[in-house]
Amino acid sequence: MVSTADFPQADKLDQVGDVARAVAAGHQTDTNIEKFIGLASEGRQGRYYRRAAQILGLVTNSKNHSSLTDLGAEYAGLTTAQGRKDFLARCLLETPVLAAALQYIQQHKPSKDQLSVWFRNFYPG
């Protein structure tokens, strides 16, 4: 069962990855992560992007103190843009939301409109 927390509110996948790079560089709070990834909203966007990085398994967080997971450390060590992009795509495909969507697509071969309806119905909020 998915929850609304399984749906990230971050729309730029490269910046989600940058959260892991920020944490690897010692930026552990939402505000500091936000500054590192080039946003400015007094920490709000930092929380959204940090949460998305958690969903992808790159970081953990407790009381606004982020830490890298083994997966996040592996990502932070990548040196090419294409390598980072491919890595994040694999992480994204393993999230509960995308895994369920892919299963639906494989089983039903929906049109774009049907898939849109499925996502609206699947979202628990």
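Above this text you will find the structure in question.
Residues numbered from 1 in each chain as written. Predicted model: local features only at pLDDT ≥ 70, side-chain atom pairs only at ≥ 80, totals over all residues. Heavy atoms only, no water.

> Please clarify how the nonpolar core should be interpreted in this entry.
Of all hydrophobic cores here, the largest spans 18 residues; its most connected members are Val16, Val19 and Leu58. At the level of secondary structure, the elements contributing two or more residues to this core comprise helix 1 (13-24), helix 3 (44-55) and helix 5 (81-93). Among the elements that take part in this core, helix 1 stands out by supplying 5 residues, more than any other. Beyond its immediate chain neighbours, meaning those up to four positions away, Val16 contacts Ala10, Tyr49, Ala52, Ala53, Leu56 and Leu58. (Core = buried A, V, L, I, M, F, W, Y, C linked by side-chain atoms within 4.5 Å. Buried < 20%, exposed > 50% of the residue type's maximum accessible area, 1.4 Å probe, protein only. Helix = DSSP H or I, 4+ residues; strand = E, 2+ residues; numbered from the N terminus. Contact = heavy atoms within 4.5 Å.)

> Quick question: what am I supposed to make of the pattern of salt bridges here?
Side-chain pairs of opposite charge can arise where the charged atoms are in close proximity. This structure, assessed with the given rule, holds 2 salt bridges. With its nearest N and O atoms 3.0 Å apart, the salt bridge here joins Asp18 to Arg21. Here Arg21 and Asp18 lie together in helix 1, a separation of 3 residues that amounts to about one turn. By relative accessible area, which is 17% here, Asp18 ends up buried. By relative accessible area, Arg21 is classed as partly exposed at 31%. Residues Arg50 and Asp30 are paired through a salt bridge, measuring 3.0 Å at the closest nitrogen-oxygen approach. Placement of the pair is Arg50 in helix 3 and Asp30 in helix 2 (residues 30-36), with a sequence separation of 20 residues. Here Arg50 and Asp30 have matching classes, each one buried. (Salt bridge = Lys/Arg side-chain N within 4 Å of Asp/Glu carboxyl O.)

> Please explain the packing of aromatic side chains as it appears in this structure.
For any two aromatic rings, the description comes down to two numbers: the centre-to-centre distance and the angle of the planes. In this structure the tally under the stated criterion is 6 aromatic pairs. Here the aromatic rings of Tyr75 and Phe87 are separated by 5.6 Å at their centres, their planes lie at 50°, and the arrangement is tilted. A residue pair is termed long-range when its members are at least 10 positions apart, and Tyr75 in helix 4 (residues 70-76) and Phe87 in helix 5 qualify at 12 residues. Ring centres of Tyr104 and Trp118 lie 5.2 Å apart, and the angle between their planes is 15°; on these two criteria the pair is classed as stacked. (Phe/Tyr/Trp six-rings, centres within 6.5 Å; stacked < 30°, edge-to-face > 60°.)

Such coordinate-based values are descriptive only and should not be taken to indicate function.
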